[in-house]
Amino acid sequence: MEKSTMELTNNRDGGVSGDALTSPDGSSERRHKFSVNQIHELESVFKVSSHPDEKTKQELATKFSVDKKQVQFWFQNKRSISKTQSERYNKRVLQQENEKLRIEYAAMREVMKNSICDPCRNKDTTRNENVDEKEILNEHARLKNELAKIAIHADKSLGSSSFLEGSLTSMMENFGLELNEVDFGKYLSSPLPTNLDVTLDKSMLLNLALDALNELLKLAMSDEPLWVRNLDGGGETLNMEEYATTFIPIIGIKPSHFTTEATRSSATVVGNSLTLVEMLMNESQWVEAFPCIIGKVNTFDVISTGIGEGKSGTLLLIEAELQIISNVVPVREIQFLRFCQKHAEDSWIIVDVSVDTIKEGSQQYKIEKCRRLPSGCIIQDMSNGYSKVTWIEHMEYDEIFVDHLYRPLIRAGLGFGAQRWMSSLQRQSEFLRVMASFVNSTVDSKGEIGMGTLSQRMTRSFCAVICATSHKWITIQKENGKDANLMMRRNISDAGEPIGVILSATKTIQLPIKSQCLFQFFTNTNLRRQWDILSCSGAMENIIHITKGENLESSVSLLCANGGANENNMMIFQDTCTDATGSLLVYAIVDSSKMNTVMKGGDPSCVELLPNGISILPDLSANNNKEFGSGSLVTIMFQMLVDNISTADLPQKSIVDANDIISHTIHKIKTALLI
């Protein structure tokens, strides 16, 4: 069978395919099919010269025992394929650059609309007006520089500046400026501006942030085939093959030993867009909203403060530790840019992206174990006091540091994925609404807020102890098949917990029971004595119960044995939460007199807490033919106060007691569940 020249140019290896070779005069000749090694050699020559001389072609033909025309046609086809691929790549680059410019000019319009606030207009302050004018001129010069660079690139890529001229004219009209044909020529040939107040490094960071914003928007607006809905219906997973053909990497190619997780989730959240933006852009509120995900966080640098009192245009450089509530999964240390931009009148975009190498003075930081590709959320106001939020998480990480039990969970996005961030944001927003409006008949409004504040502190502390993110802990025993992971530290001045040496014991186990069934077992007050060694022999009773939102199983409770304070004047304060990504039960023994103070509106910081608790995650490590998520990964953590001694003199009895508490608790759980 004969094949046309057009068909021959579509061969992936750049050589001819089929049984016949079509020459320019239309005649056909039998040809020899190049082997893999021969193709590699031809490609090596092509890299040196895409137009080899006659001598080289003859040498190759002789070496491969083929006609010189076949070698000649191979190079012709290879050049054609390379040109086509190059044009496609340049087109994608140009499209992304054009979208980036559109976003930049939208941001610039926002700057100009808000460049002079109302108080400044009324004061007629010449100095402020001059400052605003200078800032606008500098920004205008920077945008001109950016347009000039892209114009040159467009001219080289497409052989025409009509594409850019149309975009430029449209953008300049948005500013109320005129641009004629002569201006356009001068614009492209003008020298680069030298009066910018932005340093090179910060300019690079701003460009990276804009690229990330552009990518996040495209990811949010795309559907199949780029996104594939998960089988459990809990979100979507990014099609990496489709992503690779659609997007150009903005922070470099993925390291070969890294694994990718990329998920998307959408939901409605209590609160308007401005409230949610404030929550996400304020460091302390951000940590409170995601206590199970965020360990440490530090705003390393404020690159841009945004416009006026709004957050639009804010660019931050942040260091953070992300965590799963398990002692066998190391925290993810990341350094990233966070960029906030008002996208429209009723919508905002917040995007994060890792910076692999950051230079600030003489210091250099490098991300080695994981990095965050454009991730974040798009928030859009709804008419009912809610907001629609689309959350995207895209990370690459070195899986060798992850315990094998948790690898399937993390790959599925249930560890650090979008669904987990979204669930946490929904819980916190609902909780804040409850704290602002709901009044329990047993607790006055100030007492309710105090108990809510106390529960947040307790849960945050519990997560930080398991992941060792809040204090400097000394590891005295690694978890093994029998014993727990033991750590210790000395509290000297923290008023929120007892003074002395604190010993923590943590252990993770697998249980062949669904996560929700386990959560219901642990939160059933009538069954508590079956697993909690701190409980008395009788049933526990809820003295106070405050639901934290629409999910009634997420609540704050004050428990007491047999409905009254025990002989030690102690009660159990408890915080619970649950969703499809996991469940948490955190509790601590508290002094009943101090809790009475809190319930009457007193300062909750007077209550000392040593939180204990249980984290439950779905086990996806060994499902095979089993039902999805049919098992659970359970992490149990217990803390105890050791006598007021130095950390170097920890008694062996304390180590034995800590191991016994964990092993006895696990034994009681398995016995109660008949495992």
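Worth saying up front: this structure is predicted, and the values here are computed from it rather than measured.

Once that is clear, we can look at the overall build of the chain. Across its full length, the chain holds 18 helices and 23 strands. For the chain, buried positions account for 48% of its 675 residues. Total accessible area computed for the chain in this model is approximately 32700 Å², and 50% of it derives from carbon and sulfur atoms.

Mapped onto the elements of the fold, T305 is located in strand 6 (residues 294-305). Through-space distance from the C-alpha of T305 to that of C340 is 9.9 Å; in sequence the pair is 35 residues apart.

Turning next to the sheet that holds strand 19 (residues 555-561). Overall, antiparallel pairing links the nine strands, which are arranged 15-16-17-23-22-21-20-19-18 in an open sheet. Of all strands in the sheet, those with a lone pairing partner are strand 15 (474-477) and strand 18 (540-547), marking the two edges. Across the sheet, the mean angle from the axis of one strand to that of its neighbour is 20°, orientation sign disregarded. As defined by bridge partners, strand 17 (residues 500-511) adjoins strand 23 (residues 631-642) across 11 bridges and the pair is classed as antiparallel. Opposite Q510, over in strand 23, you have L633 as the bridge partner. Of the strands in this sheet, strand 17, strand 20 (570-579), strand 21 (582-591), strand 22 (612-619) and strand 23 are in contact with helix 16 (residues 515-523), which crosses strand 22 at around 160°.

Turning our eyes to something else, we now look at the side chain of S557. Considering the arrangement of structural elements, one finds S557 in strand 19. On the basis of relative accessible area, S557 is assigned to the buried category, the value being 3%. Separated by 3.1 Å, the side chains of S557 and H545 make a polar contact. Each residue touching S557, except ones within four places of it in the same chain, is listed here: N542, I544, H545, I572, F573 and Q574.

Further remarks concern the packing of helix 2 (residues 36-48) against helix 3 (residues 54-64). Packing of helix 2 against helix 3 brings their axes to within 12 Å, and their N-to-C directions diverge by 170°. The orientation of helix 2 with respect to helix 3, classified from their angle, is roughly antiparallel. For the pair formed by helix 2 and helix 3, the contact residues are Q38, E41, L42 and V45 on the first element and T56, L60, K63 and F64 on the second. Tallied by class, the residues present in the contact of helix 2 with helix 3 amount to four nonpolar, two polar and two charged.

Glancing now at the nonpolar core. The biggest cluster of nonpolar side chains holds 46 residues, and the ones touching the most others in it are W286, F290, I294, V389, W391 and Y406. Counting residues in hydrophobic clusters, the runner-up holds 35 residues, among them L454, W473, C560 and M571.

A few words now on the pairing of strand 17. Across the 12 residues of strand 17, 11 count as buried, placing the element largely inside the fold. Inspection of the sheet shows strand 16 (residues 485-491) paired to strand 17 by seven bridges, in the antiparallel sense. The partner of L486 across the bridge, within strand 17, is A505.

All told, the structure shown has 13 aromatic pairs when counted by the stated rule. Aromatic side chains F522 and W531 sit 5.2 Å apart centroid to centroid with 85° between the ring planes, which places their arrangement in the edge-to-face category. No difference in accessibility class separates F522 from W531, as the two residues are buried. An aromatic cluster is defined as three or more aromatic residues linked by ring pairs; in this entry it consists of W286, F290, F336, W391 and W421.

What follows is about helix 14 (residues 418-437). In this model helix 14 runs 29 Å from its N-terminal to its C-terminal C-alpha over 20 residues, within 8% of the 28 Å that 1.5 Å per residue would give. The element helix 14 is largely enclosed, with a buried count of 14 among its 20 residues.

A few words on the confidence of the model for the chain. Residues of the chain with pLDDT of at least 70 account for 72%, and the chain-wide mean is 78. In this model residues 115-131 is a low-confidence stretch, pLDDT under 50, and it forms eight contacts with partners more than four residues away in sequence or in other chains. Across residues 358-365, confidence stays below pLDDT 50; counting only partners more than four residues off in sequence or on other chains, it has 15 contacts.

All right, on to the pattern of salt bridges then. Inspection of the entire model under this criterion finds 20 salt bridges. Of the charged contacts in the structure, one is a salt bridge between K653 and D657, with a shortest N-O distance of 2.8 Å. A residue pair is termed a helical-turn pair when its members lie 3 or 4 positions apart in one helix, as K653 and D657 do in helix 18 (residues 652-672) at four residues. Taking the relative accessible area as the measure of exposure, K653 reaches 58% and is therefore exposed.

Further remarks concern unusual backbone geometry. In this structure, P225 follows E224 across a cis peptide bond, with omega equal to 5°. Relative to the helices and strands, P225 resides in the loop between helix 9 (200-221) and strand 3 (227-229). Backbone geometry at S65 places phi at a positive 60°, although glycine is not the residue there. Topologically, S65 is positioned in the loop between helix 3 and helix 4 (68-113). Within the chain, A468 stands out as a residue other than glycine whose phi angle is a positive 55°. Look at A468 and you get partly exposed, because its relative accessible area is 34%.

With that settled, the discussion passes to helix 11 (residues 273-281). Within the sequence span of helix 11, burial applies to S273, L276, V277, M279, L280 and M281. One side-chain oxygen at the N-terminal end of helix 11 lies 3.2 Å from the backbone nitrogen of L274; it belongs to N272.

Turning our attention to the environment of F336. Within the secondary structure, F336 sits in strand 8 (residues 332-344). Judged by relative accessible area, which is 0%, F336 ranks as buried. Taking the C-alpha atoms as reference, F336 lies 5.8 Å from L317; in sequence the two are 19 residues apart. When sequence neighbours within four positions are dropped, the list of residues in contact with F336 reads W286, L316, L317, I318, A320, D352, V353, S354, V355 and R372.

Moving on, we get to the environment of K668. Relative to the helices and strands, K668 is located in helix 18. Those residues in contact with K668 that lie beyond four places of it in its chain are R529, Q530, W531, D532 and I533. Among the polar contacts listed, one links the side chain of K668 to the backbone oxygen of R529, at a separation of 3.0 Å.

What counts, and where the lines are drawn
Every chain is numbered independently, its residues counted from 1 as its sequence is written. This being a predicted model, a pLDDT of at least 70 is required before a residue's local features are given, and a value of 80 or more before pairs of side-chain atoms are given or counted; all residues contribute to the totals for chains, interfaces and linings. Hydrogens and waters are ignored; side-chain quantities use all the structure's heavy atoms. Helix and strand labels come from DSSP, where a helix needs a run of H or I of at least four residues and a strand needs a run of E of at least two; each type is numbered from the N terminus. Note on exposure labels: buried denotes an accessible area under 20% of the residue type's maximum, exposed denotes more than 50%, and partly exposed covers the range between, all computed with a 1.4 Å probe on protein chains only. For accessible areas, the Shrake-Rupley method is used with a probe of radius 1.4 Å. Any residue's cover is judged against the shown protein chains and nothing else. A pair of strands is treated as paired once DSSP finds two or more bridges between them. Here an axis means a line fitted to C-alpha atoms, over the contact stretch when the element is a helix, while the angle between two N-to-C directions is reported on a 0 to 180 degree scale. In what follows, residue pairs with any heavy atoms lying within 4.5 Å of each other are defined as contacts. Residues adjacent in sequence count toward polar contacts only when both atoms are side-chain atoms; beyond that, a polar contact is any pair of N or O atoms within 3.5 Å, and within protein one must be able to donate a hydrogen and the other to accept it. Note on terminology: angles under 35 degrees are roughly parallel, angles over 145 are roughly antiparallel, angles of 65 to 115 are roughly perpendicular, and the others are oblique. Three classes are used, and their members are as follows: Ala, Val, Leu, Ile, Met, Phe, Trp, Tyr, Cys and Pro are nonpolar, Asp, Glu, Lys and Arg are charged, and the others, Gly among them, are polar. What is meant by a nonpolar core is a set of buried Ala, Val, Leu, Ile, Met, Phe, Trp, Tyr and Cys residues, joined one to another through side-chain atoms within 4.5 Å. Working definition: rings of Phe, Tyr and Trp (its six-membered ring) pair if their centres are within 6.5 Å, and the pair is stacked with planes under 30 degrees apart, edge-to-face with planes over 60 apart, and tilted otherwise. Multiplying 1.5 Å by the residue count of a helix minus one yields the expected span of that helix. pLDDT is a residue-level measure of predictor confidence that goes from 0 to 100. By convention in these notes, a salt bridge is any Lys or Arg side-chain nitrogen within 4 Å of a carboxyl oxygen on Asp or Glu.

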